[in-house]
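Notes for the structure review
Here's the letter readout for the chains.
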Amino acid sequence: MDITITPDIAHALGFYVYAYIDPRDNAVFYIGKGVGARATDHLSDAAESQKVKRINSIRAAGLEPQIDIVAHQLRDDDEAFRVEAALIELLGINNLTNAVRGL
């Protein structure tokens, strides 16, 4: 499945916060913030990280991670940081593959 954020969609989203969800158990495993096509950048990430390992495990099962836009048209990067940090706090850093808590 090719997930693409076109320029017109990116413009409509503005600053946003997104969640990666494992379709095998519907668990949120990553929270991020971005602008443009940032939400899909992780799909081609080759770094050694828990997030990439989870994405690869999902793909090995013949599936793709689900990407949900949680909040969009946020005022600026600072507001996106605050929303991201609040979601990470709510879900618990130990339940996510995020390396840091956010703010």
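What counts and how
- Residues numbered from 1 in each chain as written.
- Predicted model: local features only at pLDDT ≥ 70, side-chain atom pairs only at ≥ 80, totals over all residues.
- Heavy atoms only, no water.
- Helix = DSSP H or I, 4+ residues; strand = E, 2+ residues; numbered from the N terminus.
- Contact = heavy atoms within 4.5 Å.
- Core = buried A, V, L, I, M, F, W, Y, C linked by side-chain atoms within 4.5 Å.
- Buried < 20%, exposed > 50% of the residue type's maximum accessible area, 1.4 Å probe, protein only.
- Salt bridge = Lys/Arg side-chain N within 4 Å of Asp/Glu carboxyl O.
- Phe/Tyr/Trp six-rings, centres within 6.5 Å; stacked < 30°, edge-to-face > 60°.
- Lys NZ or Arg CZ within 6 Å of the ring centre and 35° of its normal.

1. A short note on the side chain of Lys51
Among the secondary structure elements, Lys51 is positioned in helix H3 (residues 50-60). When near neighbours in sequence (up to four residues on either side) are disregarded, Lys51 contacts Phe29, Tyr30, His42, Asp45 and Thr97.

2. Describing the nonpolar core
With 13 residues, the main nonpolar core has Ile5, Tyr16, Tyr18, Tyr20, Phe29, Ala39 and Ile67 as its most contacted residues. When contributions to this core are tallied by element, the ones reaching two or more residues are helix H1 (7-13), strand E1 (15-22), strand E2 (27-34) and H3. The element contributing the most residues to this core is E1, with three residues. Residue contacts for Tyr20: discarding those within four places in its chain leaves Ala27, Val28, Phe29, Tyr30, Ala39, Thr40, His42, Leu43, Ile55, Pro65, Gln66 and Ile67. In this structure, Val17, Ala71, Leu87 and Ile88 belong to the second largest nonpolar core, which totals ten residues.

3. Some thoughts on the pattern of salt bridges
With the rule as written, the count across this model stands at seven salt bridges. With a closest N to O distance of 2.8 Å, Arg54 and Asp22 form a salt bridge. Of this pair, Arg54 sits in helix H3 while Asp22 is found in strand E1, placing the two residues 32 residues apart along the sequence. Asp25 is the partner of Arg54 in a salt bridge, and the nearest nitrogen-oxygen pair spans 3.8 Å. Within this pair, whereas Arg54 is found in helix H3, its partner Asp25 is found in the loop between E1 and E2, the two being separated by 29 residues in sequence. Exposure remark for Asp25: the relative accessible area of 47% places this residue in the partly exposed category.

4. Things to note about the packing of aromatic side chains
Each aromatic ring pair is characterised by the separation of its centres together with the angle its planes make. What the rule picks out here adds up to five aromatic pairs. Both rings, one in Tyr16 and one in Tyr18, keep their centres 5.9 Å apart while their planes meet at 55 degrees; by these two values the pair is tilted. Look at Tyr18 and you get buried, because its relative accessible area is 0%. Note that Lys33 overlies the ring of Phe81, its terminal NZ or CZ placed 4.2 Å from the centroid. The ring centre of Tyr30 lies 4.7 Å from the NZ or CZ of Lys51, which sits over that ring.

These results come straight from atomic positions and should not be treated as a statement about function.
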